[in-house]
Every structure is written in C-alpha cells, then in structure tokens.
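# Observations on the three-dimensional arrangement
Single-letter residue listing:
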Amino acid sequence: MIVIDNALISDEVISEQFVCDLSKCKGACCEDGDAGAPLEENELKELDNYYEIVKEYMTPEGIAEIEKQGKYVFDENFGWVTPTVNQAICAYGFRDEKGIVKCAIEQAYNDKKVNWKKPISCHLFPIKIQKSKQDEDLEYVNYEPREDLCKAACKLGKSLKVPVYKFLKDSIIRKYGEQFYDSLDATAQHLRK
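Quantities reported herein were computed from a predicted structural model and do not represent experimental measurements. (Residues numbered from 1 in each chain as written. Predicted model: local features only at pLDDT ≥ 70, side-chain atom pairs only at ≥ 80, totals over all residues. Heavy atoms only, no water.)

Counting 24 residues, the largest nonpolar core has Ile 9, Val 13, Phe 18, Ile 127, Tyr 165, Ile 172 and Leu 184 as its most contacted members. Listed by contribution, the elements that provide at least two residues to this core are β1 (2-4), β2 (7-9), α1 (12-15), α6 (120-124), β8 (139-143), α7 (151-160), α8 (164-167) and α10 (178-192). For this core, the element with the highest residue contribution is α10, accounting for four residues. Excluding anything up to four places from it in sequence, Val 13 contacts Ile 127, Val 141, Asn 142, Tyr 143, Val 164, Tyr 165 and Leu 184. One finds Val 54, Tyr 92, Ile 105 and Val 114 within the second-largest nonpolar core, a separate group that totals 23 residues. (Core = buried A, V, L, I, M, F, W, Y, C linked by side-chain atoms within 4.5 Å. Buried < 20%, exposed > 50% of the residue type's maximum accessible area, 1.4 Å probe, protein only. Helix = DSSP H or I, 4+ residues; strand = E, 2+ residues; numbered from the N terminus. Contact = heavy atoms within 4.5 Å.)

Attention shifts here to helix α3 (residues 41-54). Residue pairs three or four apart in sequence face the same way in an α-helix, which turns once every 3.6 residues. When the terminal C-alpha atoms of α3 are compared, their 19 Å separation across 14 residues agrees well with the 20 Å that a helix rising 1.5 Å per residue should span. Remark: the principal bend of α3, roughly 40°, maps to Asp 48. For α3, the full list of buried residues reads Glu 43, Leu 44, Leu 47, Tyr 50, Tyr 51 and Val 54. Where α3 is buried, its residues contact α4 (60-69), β4 (79-81), α5 (104-110), α6 and α9 (169-176). (Expected span 1.5 Å × (residues − 1). Bend = angle between axes of the 7 residues up to and from the residue.)

Two elements in contact, α9 and α10, have axes whose closest approach is 7 Å; the angle formed by their N-to-C orientations is 130°. Here α10 runs oblique to α9, going by the angle between their axes. Residues Lys 169, Ile 172, Ile 173 and Tyr 176 of α9 lie in contact with α10, whose contacting residues are Glu 178, Phe 180, Tyr 181 and Leu 184. Each residue belonging to the contact of α9 with α10 can be placed in one class, and the counts come to six nonpolar, no polar and two charged. (Axes fitted to C-alpha atoms, helices over the stretch in contact; angles between N-to-C directions. Parallel < 35°, antiparallel > 145°, perpendicular 65-115°, else oblique. Nonpolar A, V, L, I, M, F, W, Y, C, P; charged D, E, K, R; others polar.)

Looking now at unusual backbone geometry. Going from Phe 125 to Pro 126, the amide bond is cis rather than trans, its omega being 15°. Looking at where Pro 126 falls in the secondary structure, it is placed in the loop between α6 and β7 (127-131). Although it is not a glycine, Lys 112 adopts a positive phi angle of roughly 60°. Located in the positive-phi region is Lys 161, a residue other than glycine, with phi close to 55°. Along the chain, Lys 161 turns up in the loop between α7 and α8.

Dropping the structure here:
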C-alpha cells in the first residue's frame, strides 16, 4: 500500500500493466455493471449545466431514459450514478460506426462544446476510488479491472509494458493534481530499483 496525502493506493496501481484495447472490448465498461457511472457531488452540477449540449450526441433511448429517471439517480450501493438504458448501457453512451461505446459527454468535450471531459470515475477506470467510512477525507485507490472485459487491455498493457498509473496519468492528475502524480511516479521508480 502506498500513502500519498489522504489516499491509500494499492500496489497494483504501479505494479500492474494496462492499456485499453477498445477494438477488442468495444467499451463494454460503459454498459456492463451493477449501476451507471458513479458521480461526485460537483459532477451533478456539470450534468445540469451541460445536458442540453450533450443531448445532441445521445441516442433517443438515452434521452428517453434521462427524461424518465433524471440526469442522475441515487443508488443505495454506489451513491449518485448516471442512469442506464435497460439496466445496461449508460444513458450518455452511444455506439460509433465500429460498434464501440463512446461517451456523449466526452464527445461534446472533444468538440470543444463543454469544458468537462466526463465523470472522473469513467476517466480513472480501471482504478476505482472508495471513500473511507471512518474518515471522510481518506480515499482508497484500487486497481480493479473486470476479469473478462479487461483481459485484452491487461494483455496489451503487458506487451507494451505500460503501468496502470502511467496509462491513467491524465485522469490521476485531473483527480489529484500533478504533485500527487509526481509523488506516485517517484514511488514507482524507487520501488523498481
């Protein structure tokens, strides 16, 4: 376990290797799970602010689900999450011409129509963050790929020799800042020696 600031980081974040292989998994993490994407409190406001813009990229089924359930829903186990269509694909998801699930929020961001990339839980996957029940400032940062869905990503990461934390550099910096990432990188390099 690695401790940086108020985060307890599992060793696998630096020891395991991972690179998403969308040509193989087709973005299945956006449609396979027990609930929609977990959302932080501040992200609820982002969805409220940007929904009308993001809606342009959504499927009719996703829009219908938002109109029925709301832009976000509360789940007993996960807290605030994105709604899903038929308890499967995220309501903000759509398939591209190759059948890969993409994010309407991220597409609007890539097109420079919004300045919020997507929920941080999505951006950090396969790292999952869990708040401590005893100390609200403490977070557990764990590497949790899906055994079947992420098999190709684990294989590609190993072949390219890319540690999880390096693959997720942008999202880790987005969540915790550059100083945090630099500390994590320095720790990883020290442990490799």
